[in-house]
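Residues per chain are reported as follows:
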Amino acid sequence: MDQDRLDALALEAAYEQALKSSREGGIPIGSALMNRRGVIVALGHNLRVQSGDPTAHAETVCIRNAGRRRDWHTLTLASTLSPCAMCTGTTILHRIPRVVVGENQTFVGREDWMRQEGVALRLMNDPLCTALMQRFVAAHPELWDEDVGVPGED
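So, here is what we can say about the structure in this document. (Residues numbered from 1 in each chain as written. Predicted model: local features only at pLDDT ≥ 70, side-chain atom pairs only at ≥ 80, totals over all residues. Heavy atoms only, no water.)

### Some words on the environment of valine 49
Looking at the element boundaries, valine 49 is found in helix α2 (residues 48-51). The exposure class of valine 49 is partly exposed, given its relative accessible area of 37%. Measuring from C-alpha to C-alpha, the distance between valine 49 and glycine 26 comes to 5.3 Å, with 23 residues separating the pair along the chain. Ignoring any residue separated from it by four or fewer positions in sequence, one finds valine 49 in contact with Gly25, Gly26, Ile27 and Leu143. (Helix = DSSP H or I, 4+ residues; strand = E, 2+ residues; numbered from the N terminus. Buried < 20%, exposed > 50% of the residue type's maximum accessible area, 1.4 Å probe, protein only. Contact = heavy atoms within 4.5 Å.)

Next up, the structure:
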């Protein structure tokens, strides 16, 4: 299977996780970890709202769900949205070499940091991912601001 198809499969799995989070009343961001053979080894979706855990972003949940491993350096991480600084740091810490990003129109995370650390980044500009996030931000601007760290009113 060629890399384009593998990337699409990983992003499809991440998108399904984003839909799951949305159905649960959470922030619709999903993530998947895939090995070189195209096997999804872990999934995660944003659980900040559902769990009250401010660190429960889709990528960190996915990596946590992957458990203890020694093959991080062979995996691809897919995320429906450009990873924030925390998720980028987790990716770099585990030496994940490739990241597939569904979209970065809604939010541009620390793509610069990933590139600086040698992470191969593939931006898919996926219309489904973009539409999902745009609908969410329009419907829940206060929750979105909370998620991306915009200070609230005192």
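### Quick word on the pairing of strand β1 (residues 30-34)
Within β1, five of the five residues are buried, which leaves it mostly tucked inside the rest of the structure. Of the two faces of β1, the one holding Gly30, Ala32 and Met34 and the one holding Ser31 and Leu33 are both buried throughout. Strand direction decides the pairing type here: β1 and strand β2 (residues 40-45), joined by five bridges, are antiparallel. Considered in β2, the bridge of serine 31 is made with glycine 44. Bridge count for β1 against strand β3 (residues 76-79) is four bridges, and the pairing is antiparallel. Following the sheet pairing, alanine 32 is matched in β3 by alanine 78. (Pairing = 2+ DSSP bridges.)

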